[in-house]
Structures are given as structure tokens and as C-alpha cells.
Amino acid sequence: MADSTDMQCQPAGIRNCGPPEAGRSAEGAGFEPARELTPPTRFPGVRTRPDYAIPPRGHSVEAVNDLDFSTAMGRALAEAQSALEHGDVPVGAVLLDASGTTVAADHNRREEHDDPTAHAEMLVISRRARDLGDWRLTGHTLVVTLEPCPMCAGAAVWARLDRIVYGAPDPKAGGVWSLYNIPQDRRLNHRCEVVAGVREEECSSLLRDFFEGRRRGDADR
């Protein structure tokens, strides 16, 4: 017969079950709050982001301190092109300070450095933090050609970035909206504004061309 602890391990599939500590709610003890869930239609039946998440809005220069995200994305696209020189997926990123000045720029270097963490976003965040001598990058905006993955979205939260601006969505690995909504998760201690679709077609085209070329190369072998 199940004891009282087993009976509290509901709903099924939640780990770290057990009786809530005195004075704490079930949610605070590691249980998900009871909510009406609306799973993304792309993956029916799978909850990938909180139901209170705010869909990323389209690009509007006037909407956010008159920062010109289109021009910044152009610089990120130029960085993405540089990734092709060493066989990396063409993703580029720039970091803007509060005035809109580019303070760091880089591109994917996973293949070049044999480093799974060497994504463009990680590189610009790390570089700026080293330059400032401070890991808190409050007031900064990350502009990247492809929707950040969960690792990079998490880094943006830990760095206390003000916002994330991306071009192309990533339906297979996006950690900002497509699969997860890490930058706006209320359970974390910081949230980032999200702006999506800046020069989306240019960003998507660069990636499509890269992967189509790779597939043709594999077929010719």
C-alpha cells in the first residue's frame, strides 16, 4: 500500500516529489502550479513554454528607445557570413549598449574552436563582461540572426540583458519562443524583452543556403 509520501507524487511524471515543507505551498516545493495549459500546435501535447508567455512582437524602431535594430542586424549578418570561412553554421550576433552602440560582435565558432558553447551569443556576452569587468550587462541588447538556443537564452537572463532581438525563428532548438520561453519565465529572477523577425528573410535565406549546400555535398560523396 502506498504511503502518504507516494500519494503526494501527483501529477504523474513530476520528480522530486514529497510532502511540502511546513509553511510552503506545493508550488514552492517543486510542483508546477495548476494552470490551464495550451501546448504549442507544432508539438501537440507537449508543454514547452509557460502559458503566460508573451509572444515576441515584430520590429518597430520607434517602439524601443529609437534603437535601429535593422542596422544592427545588418552587422550581425556580416558576422554570420564570416562563420562560413571555417565551416560553422552562419549565425552572427552583436551586443548593443544602452545608447545603441555596438560594443561586441562575433559569430559561431564551434567548429573552429571545437567548443560546443562557442555560439555567437555566448561569445559577445562573455567579451563584453570581460571588457567591463562585470557580469551584469544591464542596459544591453543582444541582436542575433537566429533565435537563441536554451543555452544562449539562459545566458542572456543570467547576464541581466534588457532585451533579445532575433531574425529567423528556430523551430527545432529555439529557447526564446519556438520551443521554450526562457527569457520571460516568471520563475527566474530576471526577464528580457523579446523582439522577433528583424530582417527575417535575409537571416533565414543565409541558413537555408548553408544547409542546402551541406546536403548537396553529402549527396556527392
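Above this text you will find the structure in question.
In this text the structure is predicted, and so the values were computed from the model without any measurement. (Residues numbered from 1 in each chain as written. Predicted model: local features only at pLDDT ≥ 70, side-chain atom pairs only at ≥ 80, totals over all residues. Heavy atoms only, no water.)

Asker: Honestly, the overall build of the protein chain in this entry has me stumped. Any pointers?
Answerer: Along the backbone of the protein chain there are six helices and five strands. Element order for the protein chain, N to C, with α for helix and β for strand: α-α-β-β-α-α-β-α-β-β-α. For the protein chain, the residues scored as buried account for 43% of the 221 residues in total. The contacts in the protein chain between residues at least 6 apart in sequence include a share of 57% that link residues at least 24 apart. (Helix = DSSP H or I, 4+ residues; strand = E, 2+ residues; numbered from the N terminus. Buried < 20%, exposed > 50% of the residue type's maximum accessible area, 1.4 Å probe, protein only. Contact = heavy atoms within 4.5 Å.)

Asker: Help me understand the sheet that holds strand 3 (residues 141–146) in this model?
Answerer: Strand order in the open sheet made by the five strands is 2-1-3-4-5, with mixed pairing throughout. Strand pairing shows two members of the sheet lacking a second neighbour, strand 2 (102–107) and strand 5 (193–196), which therefore form its edges. Between one strand and the next, the sheet's axes are offset by a mean angle of 15 degrees, whatever the strand orientation. Here five bridges tie strand 1 (residues 92–96) to strand 2, and the two strands are oriented antiparallel to one another. Bridged to Leu96 within strand 2 is Thr102. Contacting strand 1, strand 2 and strand 3, helix 4 (residues 120–132) crosses the sheet at an angle of about 145 degrees to strand 2. (Pairing = 2+ DSSP bridges. Axes fitted to C-alpha atoms, helices over the stretch in contact; angles between N-to-C directions.)

Asker: In this structure, what is going on with helix 4? I would like to understand it.
Answerer: Residues lying three or four places apart along an α-helix face the same way, a consequence of the helix completing one turn every 3.6 residues. Its 13 residues place the ends of helix 4 19 Å apart at the C-alpha level, agreeing with the 18 Å of an ideal helix rising 1.5 Å per residue. Here helix 4 has its buried residues at Ala120, Glu121, Leu123, Val124, Ile125, Arg128 and Ala129. Turning to helix 4, the residues buried within the fold contact strand 1, strand 2, strand 3 and helix 5 (150–158). Following helix 4 by one or two positions, Gly133 has its phi on the positive side, about 70 degrees. (Expected span 1.5 Å × (residues − 1).)

Asker: Got a minute to help me understand the environment of Arg128 in this structure?
Answerer: Looking at the secondary structure, you find Arg128 in helix 4. Residue Arg128 is classed as buried on the basis of its relative accessible area of 15%. Residues Arg128 and Ala105 lie 23 residues apart in sequence; the distance between their C-alpha atoms is 9.4 Å.

Asker: Please explain the nonpolar core as it appears in this structure.
Answerer: One recurring pattern in soluble globular proteins is that nonpolar side chains are buried together. Ranked by size, the top nonpolar core spans 43 residues in total, and within it Met73 and Leu161 carry the most contacts. The set of elements that each furnish at least two residues to this core consists of helix 2 (69–83), strand 1, helix 4, strand 3, helix 5, strand 4 (163–168), strand 5 and helix 6 (200–220). Ranked by the residues each element gives to this core, the list is headed by helix 2, at six residues. Other than its neighbours up to four places away in sequence, Met73 contacts Val143, Val144, Thr145, Val165, Tyr166, Gly167, Val198, Arg199 and Cys203. (Core = buried A, V, L, I, M, F, W, Y, C linked by side-chain atoms within 4.5 Å.)

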